[in-house]
Amino acid sequence: MDHDRTTTPKTVGIVWGLLVLNTLGSAGAKTVVPLPRSLIQMVTMGALVAAFALALAVNLRLRLRAGAFMFLLTLLLVPSVISSAQLESGFGALFRCARLALFVGTLWLLSRWWDGGTTFVRHHIRMYFAVLGSVAAGLVISPGAALPELYGGRLVGALWPLTPPQIGQYAAVITGLTVLLVLGRRTDRAGAALVIVPSLVLLALTHTRTATLGLLIGLALAIGSLILTSAAARRFFTWAVLCAAVAAVGFASALQAWFLRGQSQEHFTSLTGRAKVWDALLAAPRTTTEQVLGVGLGDKSFGGLPIDNSWLAVYHEQGLTGVALVAAIIIALGGVALLRPPSLSRACAIFLISYCAIASYTEAGLGDASPYLLHLAVAASLLAAPAPAAPLDARSPSTTYPVPARRSEVT
C-alpha cells in the first residue's frame, strides 16, 4: 500500500505504534481472558516510556521542529501541573501530568520528521488497522463477548478492553484517510479496499453516531478542498452524493433504526444522558482558581459519571486556561490548513481536524494524552513545511557535476 519513498527511520513507526498503544486506555468491556487493570496500565505506561526512549535514541541530537501545535500543547502542561499540584484529584493527577509531559516530549522528538508528507498518515492507518484486527479476531473467537448485552449488542473489544466509541473512532479515522490516499493516487484500490471494507463493517457494528457523522462531514470537507484541482475527487463526490440520496430514500427506516439504537426520543435528545452530567458540572460551585486552572487531571468524569465532552472535561480539569489553549490548537491548525494550497496533505489534515472538532462534542480527550491528540499531531505533520535539503559536501564522492545539455534536434 506504500507508494511513497521516505527517509524516515523505521524506528519512528515503532514509536508511533507505542504511542497508539499507550492511548488505548484500560477501561472497557470484559475480555475473553480477564486482564487485570493494573496489568493493562503497566503495559500502556511501559509503552509510553519505551516510545520516549526510542524517540530519544533515534534523535540524540535533539533536532526539533517548532510549530504552533507543539508550542500550544506544551503550554497546556502549565495549567495541568499547577492545578494537579493542589491534589484535589489525588496523587493520580500528578501521575497523569507526568504521562502527558512524556507524551508531549515524545511528539517533540518525532517532530523532526514532520515534513508535510504522508509518512505519519501511513503509520496511523497501519497501527489502528492492527488494533481493529484484534477487535475482529475477538468477534470471531467469542461473538458473545464482542457483542455483549451490557452495551446493547454494540461491538466491543473482546481481546483488549475497548468501548464501542473507541472502535468506531479508529474505524472512521483510518477509513477517511485511506479514501483520501486513493483519491490522491498514493495507494491502489485493492489495498485500500482491504482497509476500508472491514473498517466500515466494524463501524456499523459499533452503532457509533459520532464517529459516523465525523467520517461523513470530515470527508465532505476534505474532498471539497480537492474538488477544484482533482478530477478523481469530483467523481467520488458526485457518486457519494448519488449513493447517499438513494440510501436515504430506499433505506430510510433501517438507517433511522440504526441511528436511534432502540432509544426513546427523550433519551436521544439528552444525548444518552450526557446532558444531565454536563448541567451538573456547570452548576457545581467553583473557586476562582478552579475556574481558571481547573481541579487537576483526572479520569474525565464528574460525580462518578463520564463527562463525554472534551471542552467540559478540559474546563473541569484545566480550567478556562486549558479551554483557551485547546481552542487555540484547533484554530491554529484549521487556519494553517485553510491557507495552504489544495493538496492531498492539506485534505488529510482538514479531515483529521474536522473529525476531532466534531467528536469533541460527545467525546473527551483533547486536553490529555489521547488518540485525538495523535490525530491532531498527524495533521500538524501534514501541514509542516518540507525541511530544507542538506547541502552536499564538495569533497563527497557522491557530488554530481553539471553535464552540458545537448541541443535539441526538434525544431
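About the cut-offs
- Residues numbered from 1 in each chain as written.
- Predicted model: local features only at pLDDT ≥ 70, side-chain atom pairs only at ≥ 80, totals over all residues.
- Heavy atoms only, no water.
- Helix = DSSP H or I, 4+ residues; strand = E, 2+ residues; numbered from the N terminus.
- Buried < 20%, exposed > 50% of the residue type's maximum accessible area, 1.4 Å probe, protein only.
- Contact = heavy atoms within 4.5 Å.
- Areas by Shrake-Rupley, 256 points an atom, 1.4 Å probe, with all protein chains shown as cover.
- pLDDT = per-residue confidence, 0-100.
- Phe/Tyr/Trp six-rings, centres within 6.5 Å; stacked < 30°, edge-to-face > 60°.
- Salt bridge = Lys/Arg side-chain N within 4 Å of Asp/Glu carboxyl O.
- Polar contact = N/O pair within 3.5 Å; in protein donor to acceptor, adjacent residues only side chain to side chain.
- Core = buried A, V, L, I, M, F, W, Y, C linked by side-chain atoms within 4.5 Å.
- Patch = residues over 30% accessible without salt bridge, like charges linked within 9 Å, V, L, I, M, F, W, Y side chains within 5 Å.
- Lys, Arg positive; Asp, Glu negative; His and termini not counted.
- Charge placed at Lys NZ, Arg CZ, Asp CG, Glu CD.
- Expected span 1.5 Å × (residues − 1).
- Bend = angle between axes of the 7 residues up to and from the residue.
- Axes fitted to C-alpha atoms, helices over the stretch in contact; angles between N-to-C directions.
- Parallel < 35°, antiparallel > 145°, perpendicular 65-115°, else oblique.
- Nonpolar A, V, L, I, M, F, W, Y, C, P; charged D, E, K, R; others polar.

Describe the overall build of the chain, with residues and values.
For the chain, the count of helices and strands is 18 helices and 2 strands. Buried residues in the chain amount to 47% of all 411 residues. A separation threshold of at least 6 residues defines the contact pool for the chain, and within that pool the share at least 24 residues apart is 76%. Accessible surface computed for the chain: about 20,200 Å², of which carbon and sulfur atoms make up 68%.

Describe in detail the confidence of the model for the chain, supporting the description with residues and values.
Looking at the chain, pLDDT values average 86 and 87% of them are 70 or higher. Considering only residues more than four positions removed or in separate chains, one finds that residues 1-6, a stretch of pLDDT under 50, has 18 contacts.

For the packing of aromatic side chains, give the residues involved together with the corresponding values.
Per the counting criterion, the structure on display carries 5 aromatic pairs. Between Trp16 and Phe120 the ring centres are 5.3 Å apart and the planes differ by 70°, which places this aromatic pair in the edge-to-face class. Linking Trp16 in helix 1 (residues 10-22) with Phe120 in helix 6 (residues 119-141), this pair joins segments that are 104 residues apart in sequence. For the pair Phe69 and Trp114, a centre-to-centre distance of 6.4 Å together with 45° between the ring planes defines the contact as tilted. Taken as a pair, Phe69 in helix 3 (residues 68-75) and Trp114 in the loop between helix 5 (92-110) and helix 6 lie far apart in primary sequence, 45 residues in all. For Phe69, a relative accessible area of 5% translates into the label buried.

Could you give an account of the pattern of salt bridges, naming the residues involved and the relevant values?
Pairing between side chains of opposite charge can happen when their charged atoms approach one another. Applying the stated rule across the entire model yields 3 salt bridges. Between Lys300 and Glu317 there is a salt bridge, with the nearest N and O atoms lying 3.0 Å from each other. Residue Lys300 is located in the loop between helix 15 (288-293) and strand 1 (301-302), and its partner Glu317 is located in helix 16 (residues 310-339); the two are separated by 17 residues in the primary sequence. The buried category is assigned to Glu317, whose relative accessible area is 1%. Through salt bridges with shared partners, one network takes in Lys300, Glu317 and Asp368.

Go over the side chain of Ser345 with me, naming the residues and quoting the values.
When you line up the elements, Ser345 lands in helix 17 (residues 344-359). Classification of Ser345 as buried rests on a relative accessible area of 13%.

Tell me about the side chain of Ser310, and please be specific about residues and values.
In this structure, Ser310 sits in helix 16. With relative accessibility at 1%, the residue Ser310 sits in the buried group. A polar contact is formed between the side chain of Ser310 and the backbone nitrogen of Gly365, at a distance of 3.3 Å.

A description of the nonpolar core should follow, citing residues and the corresponding values.
Residues Trp16, Phe69 and Leu376 are the most contacted members of the largest nonpolar core, which totals 98 residues. With residues up to four places along the chain from it excluded, the contact list for Trp16 reads Leu107, Leu110, Phe120, His123, His124, Met127, Leu374, Ala377 and Val378. Counting residues in hydrophobic clusters, the runner-up holds 6 residues, among them Leu281, Leu312, Ala313 and Tyr315.

I'd like a description of a positive patch on the surface, backed by residues and values.
A grouping of Arg185, Arg189, Arg234 and Arg235 is seen on the molecular surface, where their side chains present a positively charged patch. Its location among the elements puts Arg235 in helix 11 (residues 231-250).

Quick rundown of a nonpolar patch on the surface? Include the residues and the values.
Taken together, Val32, Val33, Leu35, Leu39, Met42, Val43, Val140, Ile141 and Leu159 make up a surface patch of nonpolar side chains, about 800 Å² in accessible area. Elements with a contribution of two residues or more to the nonpolar patch: helix 2 (37-58) and helix 6. Take the nonpolar patch: its biggest share by element is 3 residues, from helix 2. As for its placement among the helices and strands, Val33 is situated in the loop between helix 1 and helix 2.

Give me the lowdown on helix 16, citing residues and values where you can.
Taking 1.5 Å per residue, 30 residues should reach 44 Å; helix 16 reaches only 26 Å between its end C-alpha atoms and comes up short. The sharpest bend along helix 16 measures roughly 130° and falls at Gln318. With a side-chain oxygen positioned 2.9 Å from the backbone nitrogen of Trp311, the residue opening helix 16 is Asn309.

Break down unusual backbone geometry for me, with residues and values.
The phi dihedral of Leu62 falls on the positive side, at around 55°, and the residue is not glycine. Note on placement: Leu62 falls in the loop between helix 2 and helix 3. Even without being glycine, Asp308 reaches a positive phi, approximately 55°. With respect to the helices and strands, the residue Asp308 is situated in the loop between strand 2 (305-306) and helix 16.

How would you sum up the environment of Leu216? Please name residues and give values.
Mapped onto the fold, Leu216 is located in helix 10 (residues 209-224). Placed 139 residues apart in sequence, Leu216 and Tyr355 show a C-alpha to C-alpha distance of 9.1 Å.

Run through the environment of Gly25, naming residues and quoting values.
The residue Gly25 is located in the loop between helix 1 and helix 2 in this model. With 137 residues separating them along the chain, Gly25 and Leu162 place their C-alpha atoms 7.8 Å apart. Setting aside chain neighbours within four positions, we find Gly25 in contact with Ile40, Thr44 and Trp160.

Describe the packing of helix 4 (residues 77-84) against helix 16, and please don't skip the residues or the numbers.
Contact geometry for helix 4 and helix 16: axes closest at 9 Å, N-to-C directions at 175°. The angle between helix 4 and helix 16 places the two elements in the roughly antiparallel class. Of helix 16, the residues touching helix 4 (which contributes Pro79, Ser80 and Ser83) are Glu317, Gln318, Thr321, Gly322 and Leu325. When its residues are assigned to classes, the contact of helix 4 with helix 16 shows 2 nonpolar, 5 polar and 1 charged.

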